[in-house]
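Tertiary structure, described
Residue-level listing of the chains:
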Amino acid sequence: MQKLSSNGLGLHATHKIENQPSILENYNIYDSDKVLADCIQKSNAEWASDQLQKLGSVLGSSEFIEHGNLANNNKPIFHSHDRHGHRIDQVEYHPSYHQLFKLTVANGIHSDPWANPKSGAHAARAAKLFMTYQVDQGHICPTTMTYGCVPAISRQKEVADTWLPKIFSNEYDGSFRPIAEKSGATVGMAMTEKQGGSDVRSNTSTASPISTSGAGKDYLINGHKWFCSAPMSDAFLMLANTDGGPSCFLVPRWLPSGEKNNIFIQRLKNKLGDHSNASSEIELRDTFGTLIGDEGRGVSIIIEMASLTRVDCCLAAASLMRQGAVQALHYTSQRSAFGALLTEQPIMQKVLADLILESEASTRLAIRLASSYDALDDPFETSFRRIATAASKYWLTKRSIQHTAEAMETLGGIGYVEESILARLYRQAPVNSIWEGSGNVMCLDVLRAMQKEPDSIEALVSELSKSSGMNKHYDKAFEELKKGLLKPALLLSNARVFVEETALLLQSHMMLGQSEDKSGAELFCQTRLTGSGPSTFGRLPDCSHLEGLIQRARVQP
Ligand SMILES: Cc1cc2nc3c(=O)[nH]c(=O)nc-3n(C[C@H](O)[C@H](O)[C@H](O)COP(=O)(O)OP(=O)(O)OC[C@H]3O[C@@H](n4cnc5c(N)ncnc54)[C@H](O)[C@@H]3O)c2cc1C
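None of the values given here were measured: they were computed from a predicted structure. Chains are numbered independently. Their residues run from 1 in the order of the written sequence. Residues qualify for local features only when their pLDDT is at least 70, as the model is predicted, and side-chain atom pairs are given and counted only at 80 or more; totals for whole chains, interfaces and linings, by contrast, use all residues. Heavy atoms throughout the structure, all of them, feed into the side-chain values; hydrogens and water do not.

Description of empty space enclosed by the protein
Inclusion rule: Using a 1 Å grid laid over the protein atoms alone, points where a 1.4 Å probe fits but cannot get out form a cavity; open sets with protein on both sides within 12 Å along at least 5 of 7 lines form a pocket; any residue with an atom within 4 Å of a point counts as lining. Grid points are joined across faces, edges and corners, and a volume is the space filled by probe spheres set on the points. A run of H or I in DSSP counts as a helix once it spans at least four residues, and a run of E counts as a strand once it spans at least two, with each numbered from the N terminus. In this classification, Asp, Glu, Lys and Arg are treated as charged, Ala, Val, Leu, Ile, Met, Phe, Trp, Tyr, Cys and Pro as nonpolar, and every other residue, Gly included, as polar.
Taken as a whole and judged by the stated rule, the model has 2 cavities of 30 Å³ or more. Considering only enclosed or pocket space, the largest cavity measures out at about 50 Å³ in volume. Lining the largest cavity are Trp47, Gln51, Asn107, Gly108, Asp112, Pro113, Ala121, Ala124, Arg125 and Lys128. At the level of elements, α5 (112-115) and α6 (121-132) are the ones that each hand at least two residues to the lining of the largest cavity. By residue number, the principal contributor to the lining of the largest cavity is α6, which donates 4 residues. For the lining of the largest cavity, the class distribution of residues is 4 nonpolar, 3 polar and 3 charged. Each pocket or cavity is described by its volume, and for the second largest cavity that value is around 40 Å³. Top contributing element to the lining of the second largest cavity by residue count: helix α9 (residues 298-332), with 4 residues. Taken together, the residues that form the lining of the second largest cavity break down as 6 nonpolar, no polar and 2 charged.

What about the domain arrangement of the protein chain?
To keep things clear, this is the line we draw: Domain start and stop positions are those given by an automatic or database domain assignment. Pairs of residues are marked as contacts when any of their non-hydrogen atoms sit within 4.5 Å. For any pair of parts, buried area is found by adding up, for both, the accessible area (1.4 Å probe) each one loses once the two are put together. Whenever a carboxyl oxygen of Asp or Glu lies within 4 Å of a side-chain nitrogen of Lys or Arg, that contact is scored as a salt bridge. Whenever two N or O atoms come within 3.5 Å, that pair is a polar contact, provided that in protein one can donate a hydrogen and the other can accept it, and provided that, for residues adjacent in sequence, both atoms are side-chain atoms.
Domains assigned within the protein chain are domain 1 (34-46 + 48-151), domain 2 (180-297) and domain 3 (301-553). The centre of domain 1, based on its C-alpha atoms, is set 23 Å off from the matching centre of domain 3. Between domain 1 and domain 3, the residue contacts involve 32 residues of the former and 30 residues of the latter. Contact between domain 1 and domain 3 buries roughly 2,700 Å² in total, counting both sides, with carbon and sulfur atoms accounting for 61%. Looking at the side of domain 1 facing domain 3, the largest losses of area belong to Phe130, Tyr133 and Gln134, adding up to 24% of the total buried there. The interface formed by domain 1 and domain 3 contains 2 salt bridges. Between Arg125 and Asp312 there is a salt bridge, and its shortest N-O distance comes to 2.8 Å. Scanning the region where domain 1 abuts domain 3 turns up 16 residue pairs in polar contact (both at pLDDT 80 or more). Of all elements in the fold, only α1 (34-42), α3 (62-73), α6 and α7 (140-154) reach the threshold of two or more residues within the side of domain 1 that touches domain 3. Element by element, the count of residues in the side of domain 1 that touches domain 3 is highest for α6, at 8 residues.

Concerning the packing of aromatic side chains
So the rule is basically this: Between the rings of Phe, Tyr and Trp (Trp by its six-membered ring), a pair exists once the centres lie within 6.5 Å; its type follows the angle of the planes, with under 30 degrees stacked, over 60 edge-to-face, and the other angles tilted. Each residue's exposure class comes from its accessible area (1.4 Å probe, protein chains only) as a fraction of the maximum for that residue type: buried when under 20%, exposed when over 50%, partly exposed otherwise.
All told, the structure shown has 9 aromatic pairs when counted by the stated rule. For the pair Phe380 and Phe384, a centre-to-centre distance of 6.3 Å together with 5° between the ring planes defines the contact as stacked. One end of the pair is Phe380 and the other is Phe384, both in helix α11 (residues 379-410) and 4 residues apart, which spans about a single turn. Using a relative accessible area of 25% as the deciding quantity, one classes Phe380 as partly exposed.

Quick notes on the site of the ligand
Short version of the rule: If even one non-hydrogen atom of a residue comes within 4 Å of a molecule or strand, that residue is called near it. Method for areas: the Shrake-Rupley scheme with a 1.4 Å probe, in which residue coverage is limited to the protein chains shown.
Surveying the vicinity of the ligand reveals 20 residues, the closest of which are Met191, Thr192, Gly197, Ser198 and Ser229. Take Met189: an N or O atom from its main chain is 2.8 Å from a nitrogen atom of the ligand. At a separation of 2.7 Å, a nitrogen atom of the ligand approaches a polar side-chain atom of Thr192. Considered on its own, the ligand offers 980 Å² of accessible surface; in the complex 64% of this is hidden by protein. Among the secondary structure elements, those contributing two or more residues to the shell around the ligand are β3 (187-190), β5 (218-229), α12 (421-434) and α13 (439-452). Its residues placed into classes, the shell around the ligand shows 10 nonpolar, 8 polar and 2 charged. Here the shell around the ligand spans two domains, since at least three of its residues come from each of domain 2 (180-297) and domain 3 (301-553).

Some points on the layout of surface pockets
For the second largest pocket, the calculated volume is near 770 Å³. Ile23, Asn69, Glu419, Ser420 and Ile421 are the residues nearest the centre of the second largest pocket, which is lined by 31 residues in total. Secondary-structure elements contributing two or more residues to the lining of the second largest pocket are α3, α9 and α12. Here the element with the most residues in the lining of the second largest pocket is α3; it accounts for 7 residues. Across the lining of the second largest pocket, the residue classes tally to 13 nonpolar, 12 polar and 6 charged.

What follows is the structure in structure tokens.
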């Protein structure tokens, strides 16, 4: 019989493991991100530094990184019935999902700027979301829906009185019980139907008043929703047709009488990514809901919510890029090939520096958009975020797909293996581009704003003018953009080019105006605003600046 091993290490102990970098964990996600700290300072949110540091430390701990892995490796399970055959419509999440959600709610990411409004509150919340999304992406979906629904719910006193105190609570309550028995609540949104998601006016679900019609009155809804993420939310905002047209309803999981509402989960979607989050299909049969706003006002209420959730998509995309860049830097600074560290290899240096530049510009733009809600009623900020949000949602979410792919490649084969977070970031990236308004829909939204809300053009030009005269490529691209802004009707077939250029100018403006790294800002403009725009990462010109860029962005656990 063959001897198993003479050294006691087993059959596979043929070699010493060398040149394998350490796992990145036990680092402070906030302290290690100089760009994020600078954004917080520039958004009047320095008062939140202690909270951000504490959260950054918890999120970067091996314990929470493992929670992120576990929540994604153990997908939610749908239970239609209990063991005795009763319909229960419940989804079971891994305990780590609940741990992550508990941390998020304790930190107010789901509602704090509405519950405790103050200067910099939306920016501080944005930074918290940006950090949390680096560890788990899935539970941020119900977090952002809860945050986005607050202005809509606030419109309707009957609904607001019951729901806002629970939504504003910092206690996470994942139990499946009527709202009166719960210490906290989350709210989902279910708009998309089989026949149309972008075109919500094509909704076929209907709603009829139980007795009288009108804002704040109760209705019964019949129909379906083709995508309903976070089906264990305590309530959902939904669109259904009334005699007055598409209308918005708050639909609770439990009836005021304490019985389960008629929300029948059909199945969970088997998704490319976003694994810790359950996305379901639901049927509505005489389902109880309360009308928010007047009949026929549903679409405008949805649009208000979507502008908030679209900013969160920008934050999410920037977050994926930051985590991708951090992982790439960590790995390549410990991995050698052909006799030198990867960070010292000229081609790799350009890839890394380019990933860092993109991450910085995206972070700055996303936090700028979020902080515009700190001046909620300021007419300039309202007009500014109109075009800027749609253009940024279009571009940052698209760019994060390329960025996560390139970051993954810097790790070579191990980047493609599921144990690495890079594989998860890559699979997550496209969803931010699809939901809350897919790419073409964002382009149409920019054109619509240009045609119907001329103030939004003025505000965009005024904001971008602040960086005029700082860079020749920027000045030239800005002049071209201004010509396009004058003729929105001609732009339809060329909308993607125009919207991309708008977003690139916004990113460049943030870099020129805010980045402490002036050479980095110049490099960004030179490589994004000339020729046919950005292509593969790593096509930077030769310059002495790359090593400094890489060193500054590195994370020291
Ligand atoms: C993981 C996941 C979770 C989701 N969760 C939810 C949820 O919780 N609640 C919810 O309501 N929805 C949810 N959605 C649905 C999502 O919001 C929709 O899929 C999205 O809005 C697109 O709608 P659609 O799928 O019907 O595609 P369509 O509207 O059919 O669009 C298909 C394509 O056509 C393009 N397009 C549309 N109109 C035009 C036009 N006029 N010109 C040119 N191109 C156009 C779009 O950009 C898109 O690329 C989720 C989706 C995913 C992937």
